[in-house]
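# Structural features, examined
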Amino acid sequence: MSLVDHLTQATYLAAAALFIFSLRWLSTPKTARQGVMAGVAGMTLAIVGTLLHPEIVSYRWILVALVVGTAIGVPLSWVPLTAVPQRTALSHAFGGLAAGLVGTAKYMLWLQDGELTAFRTFAIVVEVLLGYLTFTGSLMAAGKLQEVLPTRPITYKNQNVINLLLLAIAIGSGLYLVARPDTWQLFPIVVVLSLLFGVLLILPIGGADMPTVISLLNSYAGLSAVAMGFVLENKVLITAGALDGSSGFILSVIMCKAMNRSFSNVLFGAFGQVAAVQAAAEAKAVKSATPRDVADILENASSVVVIPGYGMAVAQAQHRVRELYDQLTKRGIECRFAIHPVAGRMPGHMNVLLAEAEVPYTALSEMDDINPDMPQVDVAIVVGANDVVNPAARHDKASPIFGMPIINADKAKTVIAIKRTMNPGFAGIENELYSGDNCLMAFGDAKAVLGEIVKALSGDAGIH
Amino acid sequence: MHTLDLWSMLFVFMLATFVGFQVIQNVSRLLHTPLMSLTNAISAIAIVGSIIIAGEEKTVLSTVIGAVAVAASMTNIVSGFLITDRMLKMFRERKPR
């Protein structure tokens with residue numbers, strides 16, 4: 001090994017350590033930004049270390065690509081926070097694409113030089129399969145989240161059989177390629193089938209399952225980087241890919257648990273479609289309330305819990321929610337937020353939106369922490385959440401969401417549900433919370449209704 | 001490749017996965033969105049492989065593919081770190097002012 005090689009490896013070692021610190025510091029909001037700095041430092045070191053590599057004969061295309069990447073990356077970081085799920089899906093797509101492309105280039109180069117071993121081919125096949133399916137799958141997910149593609153699940157006859165058959169052919173071709181690395185004709189088949197499988201995998205996935213699917217794609221993107229590490233015999237790639245892969249895996253498990261479903265049920269269950277059949281059930285009588293009524297109820301409360309859902313993001317109501325929080329805390333009324341793990345379209349989505357609206361994170365509570373307190377809560381305000389507060393999940397064995405952990409909004413003394421219409425939520429299930437004796441419906445756009453409640457509260461401020 | 005190299009890579013993979021499980025289980029649920037954008041930026045370390053393929057210029061096709069891969073990874077690095085920092089800045093204990 002030359003001196004330069006040692007230097008490069010040293011930067012990789014330091015980068016791997018910095019990446020671990022980076023995630024370690026993300027454990028609390030206090031040290032989290034330090035974590036970003038560590039990540040940037042590690043990445044810079046590794047890139048500089050790589051640029052020293054003696055095999056690089058010219059820097060021109062590298063420089064062009066670095067400039068292009070920066071030019072796309074900077075504006076991508078400015079997206080509104082409601083669009084963060086799409087941006088995340090898009091970045092999984094880029095990660096998958098890079099892995100797939102590097103695998104393709106390595107296969108071609110080694111094939112040409114006669115350096116393909118069974119192990120190298122195996123690693124390349126795994127890399128290419130995971131990389132390209134993550135690429136098209138994530139593009140599909142981003143398209144659904146951005147609503148340029150239909151968000152309802154798309155199903156067809158024998159969908160799962162066809163999908164699995166395609167995957168089996170792709171894996172079979174890959175394995176044959178490992179046994180006979182020179183049958184290059186099979187390589188494009190593996191590539192095309194991986195691309196196709198990614199599309200087909202996401203077709204039947206509906207919006208409410210996006211938190212799980214995004215986490216799974218995150219895991220795949222990480223694993224494709226690990227496979228790339230095995231192809232290139234690069235340990236920093238294996239380390240970073242494993243960190244990303246395990247992170248995506250942990251998040252997927254948390255999301256699945258929060259919906260009481262299994263991976264295979266999310267991927268092959270086509271949830272929304274099945275449940276929509278039940279939507280025809282008769283509508284029960286509900287009580288409604290004006291924003292003025294709601295303001296009066298809130299003024300007499302001493303403890304309020306706001307339960308946000310994806311509807312809050314759609315209505316862009318997070319700033320009105322914060323104004324409500326301000327009005328309540330000003331009066332000495334305790335106001336907390338109950339966040340369900342799958343509320344929104346990606347893990348942690350609600351927390352980020354509320355943080356952007358300047359709600360202090362100390363007011364944000366997890367489901368398991370707030371549920372024991374719910375019977376003591378005077379008012380629970382449901383803003384754009386639906387299935388995550390449906391009491392049917394606790395007792396109705398016939399309900400498609402039976403067994404899913406929910407925020408016990410119905411246990412609060414009064415429930416106020418802000419909703420556009422009585423139409424059922426994404427899963428198409430009637431929500432018995434709304435017909436409960438303690439529930440009042442405030443119909444209208446969440447942003448407008450909350451605005452009026454806040455106005456009514458602030459108008460009263462002088463009188464009391 | 002030597003057999004020993006393969007085994008040492010598998011060791012790295014196994015250990016890094018365990019470290020990943022440990023540190024990520026400690027990440028506050030508040031920060032799961034920034035976590036995903038941060039790990040995404042970190043796994044764009046794939047750029048190191050792409051840089052070599054784009055820079056060694058073995059064939060025209062491999063150079064082009066390598067350059068596209070460098071651009072894709074760089075996009076993730078830049079947007080991933082920037083947006084993570086942007087989100088984390090918003091998490092405050094108390095309201096400003």
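Residues numbered from 1 in each chain as written. Chains lettered and ligands numbered in written order. Predicted model: local features only at pLDDT ≥ 70, side-chain atom pairs only at ≥ 80, totals over all residues.

## Regarding the overall build of chain A
- From N to C terminus, chain A includes 18 helices and six strands.
- Principal-axis analysis of the C-alpha atoms places the extent of chain A at approximately 85 × 50 × 35 Å.
- Here chain A holds 464 residues, and the buried ones make up 55% of them. (Helix = DSSP H or I, 4+ residues; strand = E, 2+ residues; numbered from the N terminus. Buried ≥ 20, exposed ≤ 12 C-beta atoms within 10 Å, placed from the backbone.)

## A short note on the sheet that holds strand β5 (residues 414-419) of chain A
All names here are of chain A.
- If you walk across this open sheet you meet the six strands as β3-β2-β1-β4-β5-β6, and the pairing is parallel. Strands with a single pairing partner mark the edges of an open sheet, and in this sheet they are β3 (364-366) and β6 (439-443). When the angles between neighbouring strand axes are averaged without regard to direction, this sheet yields 25°.
- Relative to β6, β5 is paired through five bridges, and the arrangement is parallel. Pairing of V415 across the sheet is with C439, part of β6. (Pairing = 2+ DSSP bridges. Axes fitted to C-alpha atoms, helices over the stretch in contact; angles between N-to-C directions.)

## Here we look at the nonpolar core
- Counting residues in each nonpolar core, the largest one holds 191 residues, and the members touching the most others are I307, V382 and V383 of chain A together with I45 and V70 of chain B.
- Ignoring any residue separated from it by four or fewer positions in sequence, one finds I307 of chain A in contact with A338, A380, I381, V382, V383, A385, V389, I407 and A409 of chain A. (Core = buried A, V, L, I, M, F, W, Y, C linked by C-beta atoms within 7 Å. Contact = placed C-beta atoms within 7 Å.)

## Digging into the domain arrangement of chain A
- Each assigned domain of chain A is listed with its residue range as follows: domain 1 (1-78), domain 2 (85-269) and domain 3 (281-460).
- Here the C-alpha centroids of domain 1 of chain A and domain 3 of chain A sit 43 Å apart. (Domains from an automatic or database assignment.)

## Details of the confidence of the model for chain B
Residues and elements named next belong to chain B.
- Averaged over chain B, the pLDDT score is 92; the fraction of residues at 70 or greater is 95%.
- Mean pLDDT across the secondary structure elements of chain B bottoms out at helix α1 (residues 3-25), with 93, and peaks at helix α4 (residues 60-90), with 97.
- In the model output, the complex is listed with pTM 0.92 alongside ipTM 0.96. (pLDDT = per-residue confidence, 0-100.)

## Focus on the interface of chain B and chain A
- Taken residue by residue, the interface counts 81 residues in chain B and 94 residues in chain A.
- At the level of elements, α1, α2 (32-43), α3 (47-56) and α4 of chain B are the ones that each hand at least two residues to the side of chain B that touches chain A.
- Class assignment of the residues belonging to the side of chain B that touches chain A gives a composition of 47 nonpolar, 23 polar and 11 charged. (Nonpolar A, V, L, I, M, F, W, Y, C, P; charged D, E, K, R; others polar.)

## Regarding the packing of helix α8 (residues 210-232) of chain A against α2 of chain B
- Running from N to C, α8 of chain A and α2 of chain B point in directions that differ by 20°, and their axes come no closer than 10 Å. Judged by the angle between their axes, α8 of chain A and α2 of chain B are roughly parallel. The interaxial crossing formed by α8 of chain A with α2 of chain B has left-handed handedness. Listed contacts from α2 of chain B to N218, A221, G222 and A225 of chain A of α8 of chain A are M36, N40 and S43 of chain B.
- Tallied by class, residues from the contact of α8 of chain A with α2 of chain B come to three nonpolar, four polar and no charged. (Parallel < 35°, antiparallel > 145°, perpendicular 65-115°, else oblique. Left-handed = near helix turned anticlockwise from the far one by under 90°.)

## Focus on helix α3 (residues 60-76) of chain A
Residue and element names in this part refer to chain A.
- Given a rise of 1.5 Å per residue, 17 residues ought to cover 24 Å, and the 25 Å separating the end C-alpha atoms of α3 matches this to within 8%.
- Within the span of α3, buried status applies to W61, I62, A65, L66, G69, G73 and L76. End-on, the buried residues of α3 take up no more than an arc of 130°, which puts them together on one face. Of the residues in α3, the exposed ones pointing more than 90 degrees away from the buried face are R60, V67 and P75. (Expected span 1.5 Å × (residues − 1). Arc of directions from axis to C-beta.)

## A word on the environment of A44 of chain B
- With respect to the helices and strands, A44 of chain B occurs in the loop between α2 and α3.
- For the pair A44 of chain B and T33 of chain B, spaced 11 residues apart in sequence, the C-alpha to C-alpha distance is 17 Å.
- Setting aside residues no more than four positions away along its own chain, A44 of chain B makes contact with G95 of chain A together with S73, N76, I77 and G80 of chain B.

## Focus on unusual backbone geometry
Residue and element names in this part refer to chain A.
- One non-glycine residue, N158, lies in positive phi territory at about 55°.
- Examined against the element boundaries, N158 turns out to sit in the loop between α5 (118-145) and α6 (159-179).
- Judged by the 8 C-beta atoms lying within 10 Å of it, N158 is exposed.
- Positive phi, normally seen in glycine, also occurs at E233, with a value near 50°.
- For E233, the position within the fold is in the loop between α8 and α9 (235-259).

## Digging into the packing of helix α4 (residues 84-113) of chain A against α3 of chain B
- For the pair α4 of chain A and α3 of chain B, interaxial distance at closest approach is 10 Å and the crossing angle is 40°. Compared by their axis directions, α4 of chain A and α3 of chain B come out oblique. Here α4 of chain A and α3 of chain B pass one another in a crossing that is left-handed. In this structure, α4 of chain A contributes A98, V102 and A105 of chain A to the contact, and α3 of chain B contributes G49, S50 and I53 of chain B.

## Considering the environment of K144 of chain A
Residue and element names in this part refer to chain A.
- Mapping K144 onto the fold places it in helix α5.
- Along the chain, K144 and T11 lie 133 residues apart, while their C-alpha atoms are 40 Å from each other.
- Not counting residues within four places of it along the chain, the set of residues in contact with K144 comprises L149, T151 and G207.

## With respect to the confidence of the model for chain A
- Chain-level pLDDT for chain A is 91 on average; 94% of the residues reach the 70-or-more range.
- Considering only residues more than four positions removed or in separate chains, one finds that residues 271-281 of chain A, a stretch of pLDDT under 50, has 24 contacts.

## Examining helix α15 (residues 349-356) of chain A
Residues and elements named next belong to chain A.
- Among the eight residues of α15, eight are classified as buried, and the element is accordingly described as predominantly covered.
- Of all the positions in α15, only H349, M350, N351, V352, L353, L354, A355 and E356 are classed as buried.
- E358 lies just past α15 and shows a positive phi near 70°.

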